[in-house]
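# Overview (structure and organization)
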Amino acid sequence: MSITRRSARRSVRILGVASATAALALGVAGQALACNISEFKAEAKCDGDKGVIVVTDYDASATPAEITVFLENNGADAKQVGEPQKVKGSAAGTTVTFQEDWKPDATYRVHVKAGRVDDDVTPNLVTQSTACKKEESSTPTAPASPKPKPSKSTPASTPAPSASESTSSAPAAPASNAPSPATGDSNLAETGANSNTGLIAGVAGALVVVGGGAVYFGMRRRGAKTGS
C-alpha cells in the first residue's frame, strides 16, 4: 500500500472521529437547552383587591408552552380557571396571568405542555392564608351613637302679655286717704244733685212757708168776723 493511500485513510478516520464528537456535543447541548418542567413556577398574588395566579416560564430555549390551571378539591379537579394560555419562556422569565379570586389556603394544579413536556408543576400551588380582600360581616354592627354634648341652659323667653291681659293685670291705684262718699251723696250725684236741684228745693220751701202763713192769717180773719 502506498503512502498516499495510508494518509488518505488516516485523514478519513480523523474526520469521522471529529464528526462523531461534534454530533455528541450538539446532542448534549440540545438536551441541556430543552424545555423542562422545573423551569415553570406558579404563584398566587393580589391585583388590588382581586386575586390572580401568575405562572412564569424560565425556559431559555423559548420552546412554546401551553399553561392550564385547575382548582383542586379533595385531590380532584373542581374547575378549570379561565382558558389555557400560551407562552414562550426566556432566561429572565416570561409570565402569564390567570384572573382568579382565590380563597385562602386553596389548592391549584398547574399543567404544562411544551415540546416533550406534558406534566404538572410540582408541588401544587397552595394560596396564602390571607385573602386579598377581607370578607364583610353578614351582620354589620350598628355604629355607636355619639354622646350628646352638654348645652348651656337658656331661660325660656316670657311671652309678651296681650292687651286684655295687660289691662286686667294693671296694678290698682293706691287708696286715697279721703273718706269715701256716703250712699246718699252718690245717689244725688247720679241724679244730678250738683246741678240746680238745690235752688229749686229752696224756692219750693219758701212757697210752702208763704202758703202756710196765708192760710193762718185767713183762718184768723174768718174767726174775727164770726165773733163780731
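See the structure above.
Presented here is a report on the structure given in the accompanying data block. Per chain, residues are indexed from 1 in the order of the written sequence. For a predicted model such as this one, the threshold for reporting local features is a pLDDT of at least 70, and the threshold for listing and counting side-chain atom pairs is 80 or more; totals across whole chains, interfaces and linings nevertheless cover every residue. Values reported for side chains reflect all heavy atoms of the structure, with hydrogen atoms and water molecules removed beforehand.

So, about the state of the cysteines. Put plainly, two cysteines are in a disulfide when a covalent bond ties their sulfur atoms together. Cysteine sulfur atoms that pair up within 2.5 Å are treated as a disulfide. For the structure shown, the criterion picks out one disulfide. Note on cysteine connectivity: C46 is disulfide-linked to C132, with sulfurs 2.0 Å apart. An S-S torsion of about -90° defines the bridge between C46 and C132 as left-handed. Here C46 is found in strand β1 (residues 40-47), whereas its partner C132 is found in the loop between β8 (125-126) and α2 (163-168), with 86 residues between them in sequence. Numbering of helices and strands runs from the N terminus, with a helix taken as a DSSP run of H or I at least four residues long and a strand as a DSSP run of E at least two residues long.

Bringing the pattern of salt bridges into the picture now. Each salt bridge in this description consists of a side-chain nitrogen of Lys or Arg and a carboxyl oxygen of Asp or Glu lying within 4 Å of one another. Considering all chains together, one arrives at seven salt bridges under this definition. For E72, the salt bridge goes to R109, with nearest N and O atoms at 3.8 Å. Taken together, the residues E72 in strand β3 (residues 64-73) and R109 in strand β6 (residues 107-114) connect sequence positions 37 residues apart. For every residue, the accessible area obtained with a 1.4 Å probe (protein chains only) is divided by the maximum for its type, and the residue is called buried under 20%, exposed over 50%, and partly exposed between those limits. A residue is classified by how much of its surface remains accessible, and E72, at 14% relative accessible area, is buried. What makes R109 buried here is its relative accessible area of 17%. Overlapping salt bridges, with partners in common, bring together E72, D77, R109 and D120 in one network.

What follows concerns the pairing of strand β2 (residues 50-57). A large share of β2 lies buried, amounting to seven of its eight residues. As defined by bridge partners, β1 adjoins β2 across eight bridges and the pair is classed as antiparallel. Looking at β2, one finds that A42 is bridged to V55. Strand pairing is assigned whenever DSSP identifies at least 2 bridges connecting the two strands. Between β1 and β2, which pair antiparallel in sequence order, lie two residues; one of them, G48, sits at a positive phi of approximately 70°.

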